[in-house]
Amino acid sequence: MEPDSQAGGGGGGGSSFSSLNTYFEALSQTPKRLVKRAASVSTSLEELSRVRARSGSDMRRTLRWYDLMCFGVGGMVGAGVFVTTGHASRLLAGPSVIVSYAIAGFCALLSAFCYTEFAVDMPVAGGAFSYLRVTFGEFAAFLTGSNLVMDYVLSNAAVARSFTAYFGTAIGAPVMKWRITVSFLPKGFNEIDIVAVFVILLITLIICYSTRESSVLNMVMTAAHVLFIGFVIGVGFWKGDPKNFTEPADPEHHPGGFFPFGAAGVFNGAAMVYLSYIGYDAVSTMAEEVKNPVKDIPVGVTGSVILVTVLYCLMAASMSMLLPYDAIMPEAPYAAAFRGESGMWRLVPNVIGGGASFGILTSLMVSMLGQARYMCVIGRSNVVPAWFARVHPRTSTPVNSSVFLGILTAAIALFTDLNVLLNLVSIGTLFVFYMVANAVIYRRYVAVGISNPWPTLSYLCSFSLTSILFTLIWHFTPPGKPKAIMLVVCSVIAFGILQLFVCLVPQAHKPEFWGVPLMPWLPSVSIFLNIFLLGSLDGPSYIRFVFFSALAVLVYVLYSVHASFDAEGDDGFLSHKINVAANIKGLDLEQG
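Please read these numbers as outputs of a predicted model, since none were measured by experiment.

**A closer look at the overall build of the protein chain**
Alright, step 1. Of regular secondary structure, the protein chain possesses 24 helices and 2 strands.
Alright, step 2. In the protein chain, once contacts between residues fewer than 6 apart in sequence are set aside, the share between residues at least 24 apart is 84%.
Alright, step 3. Split by element, the accessible area of the protein chain, about 23,600 Å² in all, is 70% carbon and sulfur.

**Some words on the side chain of Ser100**
Alright, step 1. By secondary structure assignment, the location of Ser100 is in helix α7 (residues 97–121).
Alright, step 2. Overall, Ser100 belongs to the buried group, its relative accessible area being 0%.
Alright, step 3. When neighbours within four sequence positions are excluded, Ser100 is seen to be in contact with Ala93, Gly265, Val266, Gly269, Ala270 and Val273.

**Concerning the packing of helix α19 (residues 427–445) against helix α23 (residues 539–567)**
Alright, step 1. Where α19 contacts α23, the two axes come as close as 9 Å, and the packing angle between them is 70°. Judged by the angle between their axes, α19 and α23 are roughly perpendicular. Contacts between α19 and α23 involve Ile427, Gly428 and Phe431 from the former and Ser541, Tyr542, Arg544 and Phe545 from the latter.
Alright, step 2. Here the residues of the contact of α19 with α23 sort into 4 nonpolar, 2 polar and 1 charged.

**Digging into the nonpolar core**
Alright, step 1. Core analysis: the largest hydrophobic core is formed by 144 residues, its most contacted members being Tyr101, Tyr115, Tyr274, Tyr280 and Ile441.
Alright, step 2. Contacts of Tyr115, omitting those with residues within four sequence positions, involve Ala128, Tyr131, Tyr280, Asp281, Ser284, Tyr374, Val432, Phe433 and Val436.
Alright, step 3. The next biggest cluster of nonpolar side chains, apart from the first, holds 6 residues, and it includes Phe470, Ile473, Leu487 and Phe532.

**Some remarks on the confidence of the model for the protein chain**
Alright, step 1. Predicted confidence across the protein chain gives a mean pLDDT of 83, with 86% of residues reaching 70 or more.
Alright, step 2. Confidence over residues 1–13 falls short of pLDDT 50; this stretch has 18 contacts with residues more than four positions distant or in other chains.
Alright, step 3. When the criterion is pLDDT under 50, residues 570–592 qualifies, and its contacts beyond four places in sequence or with other chains add up to 34 contacts.

**Brief notes about the pattern of salt bridges**
Alright, step 1. Applying the stated criterion across every chain, the model contains 8 salt bridges.
Alright, step 2. Among the ionic pairs, Arg64 bridges to Asp296, the shortest N-O distance being 3.0 Å. One end of the pair, Arg64, is in the loop between α4 (44–48) and α5 (65–76); the other, Asp296, is in helix α14 (residues 293–322), with 232 residues separating them in the sequence.
Alright, step 3. For Arg380, the salt bridge is made with Glu288, and the minimal N-O distance between the two is 2.9 Å. In this pair, Arg380 sits in helix α16 (residues 348–380) while Glu288 sits in the loop between α13 (281–284) and α14, placing the two residues 92 residues apart along the sequence. There is no split in this pair, since Arg380 and Glu288 are both buried.

**What to know about the packing of helix α2 (residues 20–28) against α23**
Alright, step 1. One can describe the packing of α2 onto α23 by two numbers: an axis separation of 10 Å at closest approach and a directional angle of 95°. Taken together, the axis directions place α2 and α23 in an arrangement best described as roughly perpendicular. The segment α2 lies against α23, with Tyr23, Ala26 and Leu27 engaging Val557, Leu558 and His562.
Alright, step 2. When its residues are assigned to classes, the contact of α2 with α23 shows 5 nonpolar, 1 polar and no charged.

**Some points on α19**
Alright, step 1. For α19, built from 19 residues, the straight-helix expectation of 27 Å at 1.5 Å per residue is met to within 8% by its first-to-last C-alpha distance of 28 Å.
Alright, step 2. Counting buried positions over the 19 residues of α19 gives 19, a clear majority of the element.

**Here's the deal with unusual backbone geometry**
Alright, step 1. That bond from Met519 to Pro520 is cis: its omega, 0°, falls within 30 degrees of zero.
Alright, step 2. Inspection of the secondary structure puts Pro520 in the loop between α21 (481–504) and α22 (521–534).
Alright, step 3. Its identity is not glycine, yet Asn382 carries a phi of approximately 70°, on the positive side.
Alright, step 4. Looking at where Asn382 falls in the secondary structure, it is placed in the loop between α16 and α17 (399–415).
Alright, step 5. Exposure remark for Asn382: the relative accessible area of 0% places this residue in the buried category.
Alright, step 6. Phi at Ser396 is positive, roughly 60°, even though this residue is not glycine.
Alright, step 7. The topology assignment puts Ser396 in the loop between α16 and α17.
Alright, step 8. A residue is classified by how much of its surface remains accessible, and Ser396, at 6% relative accessible area, is buried.

**Focus: the environment of Asn147**
Alright, step 1. Among the secondary structure elements, Asn147 is positioned in helix α9 (residues 138–171).
Alright, step 2. Each C-alpha atom of the pair Asn147 and Leu551 lies 9.7 Å from the other, and the pair is 404 residues apart in sequence.
Alright, step 3. Ignoring any residue separated from it by four or fewer positions in sequence, one finds Asn147 in contact with Arg544, Phe545, Phe548 and Ser549.

**Brief notes about the packing of aromatic side chains**
Two measures describe an aromatic ring pair: the distance that separates the ring centres and the angle between the ring planes.
Alright, step 1. What the rule picks out here adds up to 35 aromatic pairs.
Alright, step 2. Both rings, one in Phe139 and one in Tyr556, keep their centres 5.2 Å apart while their planes meet at 65°; by these two values the pair is edge-to-face. Of this pair, Phe139 sits in helix α9 while Tyr556 sits in helix α23, and the two are 417 residues apart along the sequence.
Alright, step 3. Note on Tyr556: relative accessible area 1%, which makes it buried.
Alright, step 4. Look at Phe267 and Trp474: their rings are 5.9 Å apart centre to centre, the planes differ by 80°, and that puts the pair in the edge-to-face class. Taken together, the residues span a long stretch of sequence, with Phe267 in helix α12 (residues 262–273) and Trp474 in helix α20 (residues 454–476) at a distance of 207 residues.
Alright, step 5. Among the residues examined, Trp474 registers a relative accessible area of 16% and is labelled buried.
Alright, step 6. Grouped by ring-pair contacts, the aromatic residues Tyr101, Tyr115, Phe118, Tyr131, Tyr274, Tyr277, Tyr280, Tyr312 and Phe433 constitute a single cluster.
Alright, step 7. Above the ring of Trp474, the side-chain terminus of Lys483 is found at 5.4 Å from the ring centroid.

**Focus on a nonpolar patch on the surface**
Alright, step 1. Nonpolar side chains collect at one region of the surface, where Phe547, Leu551, Leu554, Val555 and Leu558 lie side by side and expose about 430 Å² of accessible area between them.
Alright, step 2. The residue Leu551 is located in helix α23 in this model.

What counts and what doesn't
- Residues numbered from 1 in each chain as written.
- Predicted model: local features only at pLDDT ≥ 70, side-chain atom pairs only at ≥ 80, totals over all residues.
- Heavy atoms only, no water.
- Helix = DSSP H or I, 4+ residues; strand = E, 2+ residues; numbered from the N terminus.
- Contact = heavy atoms within 4.5 Å.
- Areas by Shrake-Rupley, 256 points an atom, 1.4 Å probe, with all protein chains shown as cover.
- Buried < 20%, exposed > 50% of the residue type's maximum accessible area, 1.4 Å probe, protein only.
- Axes fitted to C-alpha atoms, helices over the stretch in contact; angles between N-to-C directions.
- Parallel < 35°, antiparallel > 145°, perpendicular 65-115°, else oblique.
- Nonpolar A, V, L, I, M, F, W, Y, C, P; charged D, E, K, R; others polar.
- Core = buried A, V, L, I, M, F, W, Y, C linked by side-chain atoms within 4.5 Å.
- pLDDT = per-residue confidence, 0-100.
- Salt bridge = Lys/Arg side-chain N within 4 Å of Asp/Glu carboxyl O.
- Expected span 1.5 Å × (residues − 1).
- Phe/Tyr/Trp six-rings, centres within 6.5 Å; stacked < 30°, edge-to-face > 60°.
- Lys NZ or Arg CZ within 6 Å of the ring centre and 35° of its normal.
- Patch = residues over 30% accessible without salt bridge, like charges linked within 9 Å, V, L, I, M, F, W, Y side chains within 5 Å.

Next up, the structure:
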């Protein structure tokens, strides 16, 4: 443990930071250190032993498959599903939004398969950060991990502010009564939301206290939320009319049929509603706290995605039955359906507000659990101060990371308007999904230090480029026969590249316990779908991504590469080529 303690200290007080002179001397060595550190990879054995030991105490293994499934459902099914369904149905897909949710659920399931293979083979708390660190190296892991943590913080701030609005609806109090307007602050940052801050700080205290107790509370709230969703579905099927599946309210100005906007509408709708599935990735960060990773993780992660897909499709069907798609109010589809009703039906919007409040709390809890574990493992790698890696010996939770990110999230939620935040989220998560799909293929076909990585890298690059070309044609070429021909040509090229790779490059590693089926077909489809969905995001999302990526690169160059260099010794390598056979043998023995 002594070497690891020294290594952990290197993140904040190593030789590169002992004085101003030594720091400037370290900066002069930046190019050399980047060459040594940026592409250096860890191994599964190191992540499970030496790296994990830097947290001091271990996280307690208390979770089972049903805990993970509830965390997955709670993380995915938030309040935003109502607005997302309304927008997708009214503007993009019509009643075929049901099919859009099924397609998006399939995409999410493919990404969940990739996460599950890594989580079973390497049950640590780092999620995508750890998976990328053992495949593409330290810099790729830090770039994607830092973007993901920032996405978590911003989206959690947005979700917390939306809690105020939905809770106000539930009790019949306007949201402005809950917020304080400060006139001298700029618009978008001038509404102080004390309720959002209170909710974030309360959840921070809960997740610091115990993961087991957090899971129990999440189960209770998730059960209440699922019952509420069942109520919404039941009301839709009871009060709705099947003719609304095919007949618009204004047939003279809006097309009819189940697919009023054709195949393009279905896929554009899938791109929009896919964001409703974001949240299952946080479950993989709890792998270190699962009693039986081999059995519990596959059931918990994939089971939650399948269950949520069924719920979403039923919700979309009930909404389509309640109103013709062209009569839906995108911002409040269910509330609009009961506007003007008398008796008990007029209380339905209040019930929706109350149920959505439960969904917000569960989504917020799962996301805050996930962001703290990401930060903890990033701290273990010494690319941020090792203080973040500490696990409290009594609670067995990453208290430092939880408190720091909780306070940061609360500070953003206090001032920043929901619309400002919503333009800044999602792209980082989709990018991480794309990277993990690439990583699972690379890990299967490349044995570090033994097999040649270039055939696999060439395939991943060429397949990604073809997918990007397909996406650009889909979004920017006007409809017509030329567009259809170009899309078919891109599809044929992608299929040919994939088939050539299958025939020429053998797998170097096959998982002992659980692996993605139909390798490399399913991860390749996931790569394509994530690129396609990235192409559906708006300009501000890309501006944010470029800005935070540039900021992450700056932090890595000025701090992380030097702290990591100090922690790993004079040669700066993670020694991924040293004793490869011994490491592989040791890992096999540990798994066995």
